[in-house]
Amino acid sequence: MPYHKDKQQAFQAAQQGVEQAKDVYHEIVKNDPDYGQHFKRLQNEVNEAMEQINNALEVASETQRDQLTQFQQDLQQLINEAQE
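The structure contained in this document is the topic of the report that follows. Fair warning: this is a prediction, and the values are worked out from it, not measured in the lab.

Cut-offs applied
- Numbering of residues starts from 1 in each chain and follows the order in which that chain's sequence is written.
- A pLDDT threshold of at least 70 governs which residues receive local features in this predicted model, and a stricter bar of 80 or more applies before side-chain atom pairs are shown or counted, although totals over entire chains, interfaces and linings include all residues.
- With hydrogens and water excluded, all non-hydrogen atoms of the structure serve as input to the side-chain values.
- Per the convention used, a helix needs a DSSP run of H or I reaching at least four residues, while a strand needs a run of E reaching at least two, with both numbered from the N terminus.
- To estimate how far a helix should reach, multiply one less than its number of residues by 1.5 Å.
- Summary of the burial criterion: residues with accessible area below 20% of their type's maximum are buried, those above 50% are exposed, and those between are partly exposed, where the area comes from a 1.4 Å probe applied to protein chains only.
- This arc corresponds to the set of directions leading from the helix axis out to the C-beta atoms.
- What makes a salt bridge here is a side-chain nitrogen of Lys or Arg within 4 Å of a carboxyl oxygen of Asp or Glu, nothing more.
- Only buried Ala, Val, Leu, Ile, Met, Phe, Trp, Tyr and Cys residues count toward a nonpolar core, and they belong to the same one when joined by side-chain atoms within 4.5 Å.
- Two residues form a contact once any of their heavy atoms are found within 4.5 Å.
- By the criterion applied in these results, polar contacts are pairs of N or O atoms within 3.5 Å in which, for protein atoms, one can donate a hydrogen and the other can accept it, and in which residues neighboring in sequence qualify only through two side-chain atoms.

### So, helix H3 (residues 62-83)
So, step 1. Taking 1.5 Å of rise per residue, 22 residues should cover 32 Å, and H3 covers 32 Å from first to last C-alpha, within 8% of that figure.
So, step 2. Inspection of H3 places Gln-64, Leu-68, Phe-71, Asp-74, Leu-75, Leu-78, Ile-79 and Ala-82 among the buried residues, and these make up the whole buried set. Down the axis of H3, the sector holding all buried residues measures 135°, keeping them to one side. In H3, the exposed positions that point more than 90 degrees away from the buried face belong to Glu-62 and Asp-66.

### A short note on the pattern of salt bridges
So, step 1. Applying the stated criterion across every chain, the model contains 1 salt bridge.
So, step 2. Residues Glu-27 and Arg-41 are paired through a salt bridge, measuring 3.2 Å at the closest nitrogen-oxygen approach. Of this pair, Glu-27 sits in helix H1 (residues 2-27) while Arg-41 sits in helix H2 (residues 35-59), and the two are 14 residues apart along the sequence.
So, step 3. Classification of Arg-41 by relative accessible area gives partly exposed; the value is 40%.

### As for the nonpolar core
So, step 1. Within the largest apolar cluster, 24 residues are counted, with the highest numbers of intra-cluster contacts made by Leu-42, Val-46, Ile-53, Leu-68, Phe-71, Leu-75 and Ala-82.
So, step 2. Taken together, the elements giving at least two residues each to this core come down to H1, H2 and H3.
So, step 3. Among the elements that line this core, the one with the most residues is H2, at 9 residues.

### Some remarks on the environment of Gln-72
So, step 1. Looking at the element boundaries, Gln-72 is found in helix H3.
So, step 2. Each C-alpha atom of the pair Gln-72 and Ala-49 lies 8.6 Å from the other, and the pair is 23 residues apart in sequence.
So, step 3. When residues no more than four places from it in sequence are discounted, the contact partners of Gln-72 are Met-50, Ile-53, Asn-54 and Leu-57.
So, step 4. One polar contact links Gln-72 to Asn-54, side chain to side chain, over a distance of 3.3 Å.

### Observations regarding the side chain of Gln-64
So, step 1. Within the secondary structure layout, Gln-64 lies in helix H3.
So, step 2. Classification of Gln-64 as buried rests on a relative accessible area of 11%.
So, step 3. A polar atom in the side chain of Gln-64 sits 3.5 Å from the side chain of Gln-8.
So, step 4. At a separation of 3.0 Å, a polar atom in the side chain of Gln-64 contacts the main-chain amide nitrogen of Ser-61.

As structure tokens, then:
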């Protein structure tokens, strides 16, 4: 049972990390004089979320693995869009 709990906790941490990165992304205004600072914060949030995803992938079920892979793609898209 503890193994299952660890899988769920790891998945939830990754999910929360992705949500935090999305929140930071939505705060970014491209013409804002502080854009660079906000973008750096976004990069930090994305990096943390990616670490959490990688940790979760080590113990994830197949269903979770699919969702975690989608999270990775979503985060990459956030960075790409913020750089445009």
